[in-house]
Amino acid sequence: MEECEVHIESLFRDHYLRNNKRGGLKNLRCFPECLPIGHNPKGFCGHSVTATVYSNNYLPAKSLLLGRFSTRDDPLPEPSSLPLVVGSSYSESKVKSRIRDKEDPLKEFVISEKLSEEKLSDSGRIRTTYVFTPTSWHYGWRSSKHRKHQMHSFRIYLFIARKSKQLTLMALAKTTDFTISSSKRAKAGQE
């Protein structure tokens, strides 16, 4: 199996506010940080997440770098989520059917876009840079008074096409842990 490493380049806070929108959207505010022009108190306030993959060879064209939110203790955000194990293969259609789009922003995975790919002169390894730029950072985790101190992370998964219509999970990385609270409680002075 080819050696691949995923590194998350963006910095993350240890706490985020989350608001509730129509249609079941629960968006993290200011994730992973505020907009480059500063905080936006209304509408979207967030930024992209950048990740770098280091590999021995150029990544195949059908490679995917996907992300999803989960709790620190359980990588599955929902019971219906796809359980993922490094080295295991998955149906390409099953993985792709879970990627968020404009029609269904509640799906499991956020997709990234490849920005650049270059061979490093010092090591001969390939550095591929990806960026996640969704229009919102939806995370549908259900809070309760017993789970309000739960730790969370954003996990990033590298899938490489190995066989026809199969994707192999080659590597993963996760952000530092963070907590979430309701923006309604923060406005009411409860946070």
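You'll find the structure just up there.
The numbering scheme is per chain: residues are counted from 1 as the chain's sequence reads. A pLDDT threshold of at least 70 governs which residues receive local features in this predicted model, and a stricter bar of 80 or more applies before side-chain atom pairs are shown or counted, although totals over entire chains, interfaces and linings include all residues. Hydrogen atoms and water are omitted, and side-chain values are computed over all heavy atoms in the structure.

Here's the deal with the packing of aromatic side chains
Here a pair means two rings of Phe, Tyr or Trp (six-membered ring of Trp) with centres within 6.5 Å. Their orientation is stacked below 30 degrees between planes, edge-to-face above 60, and tilted elsewhere. What the rule picks out here adds up to 14 aromatic pairs. Ring centres of Tyr90 and Phe159 lie 6.2 Å apart, and the angle between their planes is 85 degrees; on these two criteria the pair is classed as edge-to-face. Of this pair, Tyr90 sits in strand S6 (residues 89-91) while Phe159 sits in strand S10 (residues 152-161), and the two are 69 residues apart along the sequence. Across the pair, Phe159 and Tyr90 agree in class, each one buried. Under the DSSP-based scheme used, a helix requires at least four consecutive residues in state H or I and a strand at least two consecutive residues in state E, with every element numbered from the N terminus. Each residue is placed in one exposure class: buried if its accessible area under a 1.4 Å probe, protein chains only, is under 20% of its type's maximum, exposed if it is over 50%, and partly exposed if it falls in between.

Quick notes on the sheet that holds S10
Strand order in the open sheet made by the 5 strands is S6-S11-S10-S5-S7, with antiparallel pairing throughout. Two strands bound the open sheet, and with one partner strand each, they are S6 and strand S7 (110-111). We call two strands paired when DSSP finds no fewer than two bridges between them. As paired strands, S6 and strand S11 (residues 166-174) are joined by 3 bridges and run antiparallel to one another. By the bridge assignment for S11, Ser91 is matched with Gln166.

Focus: the sheet that holds strand S4 (residues 49-55)
The strands making up a sheet associate through backbone hydrogen bonding, with each pair oriented either parallel or antiparallel. In spatial order, the strands read S1-S4-S9-S8; together these 4 strands make up an open sheet with antiparallel pairing. Because the sheet does not close on itself, it has two edges, and the strands there are strand S1 (4-8) and strand S8 (113-119). If you compare each strand with its neighbour and ignore which way they point, the axes differ by 20 degrees on average. In this sheet, strand S9 (residues 126-132) lies alongside S4 in antiparallel orientation, the contact comprising 7 bridges. Helix axes are fitted only over the stretch in contact, all axes being lines through C-alpha atoms; the angle between N-to-C directions runs from 0 to 180 degrees.

Re the pairing of S10
Most of S10 sits out of view: 9 of its 10 residues are buried. Relative to S10, strand S5 (residues 64-71) runs antiparallel, the two being bridged by 8 bridges. Looking at S10, one finds that Gly67 is bridged to Ile156. As paired elements, S10 and S11 share 7 bridges and run antiparallel to each other. What sits directly across from Tyr157, in S11, is Leu172.

Let's talk about the nonpolar core
In plain words, nonpolar cores are sets of buried Ala, Val, Leu, Ile, Met, Phe, Trp, Tyr and Cys residues tied together by side-chain atoms within 4.5 Å. Core analysis: the largest hydrophobic core is formed by 27 residues, its most contacted members being Val6, Leu28, Phe31, Leu65, Trp137 and Leu158. Leu64, Leu66, Leu82 and Leu84 belong to the second largest nonpolar core, which has 12 residues in total.

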